[in-house]
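Coordinate inspection notes
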Amino acid sequence: MPTGPIPRLIHQTWKNDEVPPEFRPLQRSWIERNPGFAYRFWTDDDIARFIASEHPALLPVFQGYADPIARIDLARYLILRRFGGVYADLDCECLRPLDGLLDGHGFVVGVEPEAHGALEKAVQRGLSRILCPSFLASVPGHPFWDHLLARLVEARHCPDVLDATGPFLLTRAHASYAAGQEAGAAVTVVAPELLYPVTKDDCWSGRLFDLAFWEQATRQAYAVHYWEGTWFRTDSDRGLRLPRQITGTVTDARPQGTEAGAEAAPSAAAGGPPLISCLMVTKLRSGLVELAIDSFVRQTYANRELVIVCDAPVPGEDAGGDALDRVARAVAGRTNIRLIRVEGPGRTLGELRNIAVDHAAGRYVCQWDDDDLYDPCRLEYQHLMLSRAGAQACLLGRWMIWWPAEDPDAERLAVSCERDWEGSLLCERAVMPRYPHLRRGEDTPVIEQLRRSVRVVRMDLPRLYTYVAHGANTFGAGHFDAHWPLATARFSGERCRAVLEEMAKRLPVEAYRHALAAPLPAAPSSPASASASAAPVAMGTVPKVLVLTPVKDARPHLPRYLELLARLDHDPARLSLGFLDSDSRDGTHDWLAARLPELRDRYRRVTLLRHDYGFLPDGPRWAPAIQRRRREILARSRNRLLAGTLEDEAWVLWLDADLVDYPPDLLTRLLAAGRDIVVPHCVLPDGRTFDLNSFRLDPDGEEDPRHRVDGIFQPPRGVGRRYLDDFPVTGGPDQDIVPVDGVGGAALLVRADLHREGLCFPPFSHRGYIETEGLAMMARDMGVTSWALPGLRIVHADR
């Protein structure tokens, strides 16, 4: 009786030494993931010599099989009987070290997926469970081998190889095997999840192209069998199959009766498929441009060109010359790649994209960013979807997002949320709008215009496009972090590494990592501030923001208010303004009304409301005796203004009229914080903290009831509260973010959906707080934390 562990020896076979290219990575997986194992490769000649030498009595059976796969089945059984170890078909991939599967066992075999028991041949034979010989492991001389060989000789004349030597024979032999109580005689049958986690149909239908499905199916697996069927399927059927069916959603904004303008099928057009111009705007990011060019070269769609528009420094300036030389070498000899050198600095990304469109020769244009990864079939499948849908533009509804990191354990990968991903655009050049002259977010207005004017199809095949958040993107890191919790699938740690390895079969993942090791240029910023590269929370999108300002006797402050607003680096076409004047006696309403035409030319929408409350106190507005009434009216004004102005905006920025200074990237930095409610640090011109409504309660979290006036807590400064000047700024103005219990309204950013869900400014005491402080307490009751950026300073007029 055999004793000891299964030998650390892996056996594989093929007809000869020339293993097909599609199987070589799978072959390497067994060697690389099991470094302590020996490896032996058997050709058909090796097998014939082995059987003639070791098993001459079985030679007539071996030579009598008409089907070569039957001889291989017999060979694997005899090899393991003689040497022990692991046998794996070449279309099996090892996903993790085998020790955990083999330890403590003398014989291991796996069950095929349950769905295979419903296939016609299995049903005909009454086999609800099928043992598969594609992976086998045993000690040498295990008694099951002799039992199996006896059944094999009996079945040698069966016409179907499945009954003669294959899975059906193995299943029946196991069913009739009586292991008894002898030590080492048992056969361990493991569940499909460990060795056969996917079905034949999963492989042949292209379902494995879905990375979320692949990751879920293989979580417990030591190996995966791809069911290539080299003994009955043709070479053209082998390899990863692309999906047979892809979901697409069509919207059509054209006038009724307008023709589609796109051919019905890619192969039906006279003269072959139409030319697609891929458009790349680049500043020659080190190493990444070459990878983007290589992604273009490897596309399966034949009729394509790449137009590269470069406005990097001229040769000899910094590293620009070397980078340009590298790109020139990369495109040398390729007639379908053109390099357009744009002289002169300062052009916006929107301007450069227009230059690329102007140089395109194709019927279609496709955005091709220089720092992302594209599956080889991206163009083929997007054009196929566009053609079949009769559409003029095609977008991806989801794509992959990868956060590379020096520490592999810190890397993250996600399948994005569902939306129009602007960077994935493939569009008829004839209907392509001009890009606005913006430094970022330039593609969002283009997509919105296409949605309003042409037939657009959005397809769901995320693997076609991998967006890489490498830290030097046009938008900052906070922008991408906001997409992690929204993703439809998220992978980190070991599962992130597993999915990236799967992606690396079709994408240059490792080469991208090497390219990132070289320094990347800083992300482009607005002229006003280097911090402008921090981004709103919708990737590739400048979000719609509603700026709301209650005003009262604000006429002296309004010119400066509008001047600061005009300096914001946010696209004014994405900003709406709302004012509510109440009880003014200095002409505030008339002054604003006179400027409405000018403001409406610049901004998306401007609304001016008026509602008087008859609140005209004689003393200063900060006097404690009037705080309850003053803030009640201010809360009502805010709520009335919100109700009269909020439409489709994603964010609301509450802004005081009497601010005298703030940075042009104020809104960008508040959005980049990635919080639902966030405020900056409002100070006076001399630097002292002004807005005492932004505070954190002392650790006990309770206010002294003796400080409650008219139902509202109004403690002396510093009693029970920490204000924003109490928090040191250690990691940069936007890196130190602190949770707070109260917020002020000098500059308050709120996610608009919170307002839609009922978050308001209480005009009454809510837990002892009112107006903006009451909003923070109400948000806490809704499970939402308010945050502050102590290092982001805005300046309020002195009293």
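Residues numbered from 1 in each chain as written. Predicted model: local features only at pLDDT ≥ 70, side-chain atom pairs only at ≥ 80, totals over all residues. Heavy atoms only, no water.

**Description of the overall build of the protein**
- Of regular secondary structure, the protein possesses 27 helices and 34 strands.
- Counting every position in the protein, which comprises 799 residues, the buried fraction comes to 57%.
- Of all intrachain contacts in the protein linking residues separated by at least 6 positions in sequence, the fraction that spans at least 24 positions is 81%.
- Entry remark: accessible area of the protein is about 32,900 Å², with carbon and sulfur atoms responsible for 51%. (Helix = DSSP H or I, 4+ residues; strand = E, 2+ residues; numbered from the N terminus. Buried < 20%, exposed > 50% of the residue type's maximum accessible area, 1.4 Å probe, protein only. Contact = heavy atoms within 4.5 Å. Areas by Shrake-Rupley, 256 points an atom, 1.4 Å probe, with all protein chains shown as cover.)

**Examining the side chain of Ser-295**
- The topology assignment puts Ser-295 in helix H13 (residues 288–297).
- By relative accessible area, which is 0% here, Ser-295 ends up buried.
- Beyond its immediate sequence surroundings of up to four residues, Ser-295 is in contact with Trp-368 and Tyr-374.

**Some points on the packing of aromatic side chains**
- Counted according to the given criterion, the structure contains 22 aromatic pairs.
- With 5.2 Å between their ring centres and 80° between their planes, Phe-107 and Phe-144 make a pair best called edge-to-face. In this pair, Phe-107 sits in strand E5 (residues 107–111) while Phe-144 sits in helix H7 (residues 143–154), placing the two residues 37 residues apart along the sequence. A single burial state applies to Phe-107 and to Phe-144, both of which are buried.
- Aromatic pair Phe-695 and Tyr-769: ring centres 6.3 Å apart, planes at 35°, arrangement tilted. Taken together, the positions of Phe-695 in strand E28 (residues 695–697) and Tyr-769 in the loop between helix H26 (752–756) and helix H27 (771–781) put the pair 74 residues apart, joining distant regions of the chain. Taken individually, Phe-695 and Tyr-769 each receive the classification buried, so the pair is uniform in this respect.
- Three or more aromatic residues joined by ring pairs make a cluster, and in this case those are Phe-296, Trp-368, Tyr-374, Trp-399, Trp-421, Tyr-465 and Tyr-467.
- Taking NZ or CZ as reference, Arg-40 lies 5.2 Å from the ring centre of Phe-83, over its face.
- Above the face of the Phe-209 ring, Arg-463 is positioned so that its terminal group lies 4.9 Å from the ring centre. (Phe/Tyr/Trp six-rings, centres within 6.5 Å; stacked < 30°, edge-to-face > 60°. Lys NZ or Arg CZ within 6 Å of the ring centre and 35° of its normal.)

**Considerations on the sheet that holds strand E7 (residues 188–190)**
- Spatial ordering of the open sheet is given by E2-E1-E3-E6-E5-E7, a layout of six strands whose pairing is mixed. Two strands bound the open sheet, and with one partner strand each, they are strand E2 (38–42) and E7. Put simply, the sheet's adjacent strands are angled 25° from each other on average, direction ignored.
- Strand direction decides the pairing type here: strand E1 (residues 9–13) and strand E3 (residues 85–88), joined by two bridges, are parallel. Paired with His-11 across the bridge in E3 is Tyr-87.
- Relative to the sheet, helix H2 (residues 44–54) contacts E1 and E2, its axis offset from that of E2 by approximately 95°.
- On top of the sheet, helix H9 (residues 167–175) reaches E5, strand E6 (131–138) and E7; it is set at about 65° to E6, its chief contact. (Pairing = 2+ DSSP bridges. Axes fitted to C-alpha atoms, helices over the stretch in contact; angles between N-to-C directions.)

**A few points about the pattern of salt bridges**
- Here the structure, examined in full by the defined rule, presents 57 salt bridges.
- Note that Glu-510 is salt-bridged to Arg-513, the shortest N-O span being 3.0 Å. With Glu-510 and Arg-513 both in helix H20 (residues 509–517) and three residues apart, this pair spans about one turn of that helix.
- Look at the salt bridges and you will find they share partners, linking Lys-544, Arg-604, Arg-605, Glu-647, Asp-648 and Glu-649 into a network. (Salt bridge = Lys/Arg side-chain N within 4 Å of Asp/Glu carboxyl O.)

**Observations regarding the environment of Leu-568**
- If you trace the backbone, Leu-568 turns up in the loop between helix H21 (558–567) and strand E23 (575–581).
- Setting aside its immediate chain neighbours within four residues, Leu-568 contacts Leu-575, Tyr-662, Pro-663, Pro-664, Leu-666 and Leu-667.

**Brief notes about the confidence of the model for the protein**
- Per-chain confidence: the protein averages 86 in pLDDT, with 87% of residues scoring 70 or above.
- Within the protein, no element has a lower average pLDDT than helix H14 (residues 320–331), which sits at 64, and none a higher one than E3, at 98.
- Predicted confidence is poor over residues 232–236, with pLDDT under 50, and the contacts of this stretch with residues over four places away or in other chains come to five contacts.
- The low-confidence segment residues 258–270 (pLDDT under 50) makes 28 contacts with residues lying over four places distant or belonging to another chain. (pLDDT = per-residue confidence, 0-100.)

**Here we look at the side chain of Asp-370**
- With respect to the helices, strands and loops of the structure, Asp-370 is situated in the loop between strand E13 (364–367) and strand E14 (373–374).
- A polar contact of 2.8 Å, which involves the side chain of Asp-370, links it to the side chain of Thr-282. (Polar contact = N/O pair within 3.5 Å; in protein donor to acceptor, adjacent residues only side chain to side chain.)

**Some words on the nonpolar core**
- In terms of nonpolar packing, the biggest core is built from 57 residues, with Trp-30, Leu-98, Leu-101, Leu-102, Phe-135, Leu-413 and Met-503 touching the most fellow members.
- Looking at this core, the element that brings in the most residues is helix H19 (residues 493–503), giving five residues.
- For Leu-413, the contacting residues outside a window of four places in its chain are Met-400, Ile-401, Trp-402, Trp-403, Trp-484, Ala-489, Arg-490, Phe-491, Cys-496, Val-499, Leu-500 and Met-503.
- By size, the runner-up hydrophobic cluster in this structure holds 46 residues, among which are Tyr-301, Ile-308, Trp-403 and Leu-464. (Core = buried A, V, L, I, M, F, W, Y, C linked by side-chain atoms within 4.5 Å.)

**Focus on the packing of H2 against helix H4 (residues 68–83)**
- One way to put it is that H2 packs onto H4 with a least axis distance of 11 Å and a crossing angle of 60°. Considered as vectors, H2 and H4 are oriented oblique to each other. Pair H2 / H4 crosses with left-handed handedness. Side by side, H2 and H4 meet where Asp-44, Ile-47, Phe-50, Ile-51 and Glu-54 of the first sit next to Ile-72, Ala-75, Leu-78, Ile-79, Arg-82 and Phe-83 of the second.
- Classifying every residue of the contact of H2 with H4 gives eight nonpolar, no polar and three charged. (Parallel < 35°, antiparallel > 145°, perpendicular 65-115°, else oblique. Left-handed = near helix turned anticlockwise from the far one by under 90°. Nonpolar A, V, L, I, M, F, W, Y, C, P; charged D, E, K, R; others polar.)

**Notes on the pairing of strand E33 (residues 747–751)**
- With four of its five residues buried, E33 lies for the most part within the structure.
- Examined bridge by bridge, strand E25 (residues 651–655) and E33 share five bridges and lie antiparallel to one another. Among the inter-strand pairings, Leu-655 is bridged to a residue of E33, identified as Ala-747.
- Bridge count for strand E27 (residues 677–683) against E33 is two bridges, and the pairing is antiparallel. Its bridge partner lying in E33, Ile-677 is registered against Val-750.

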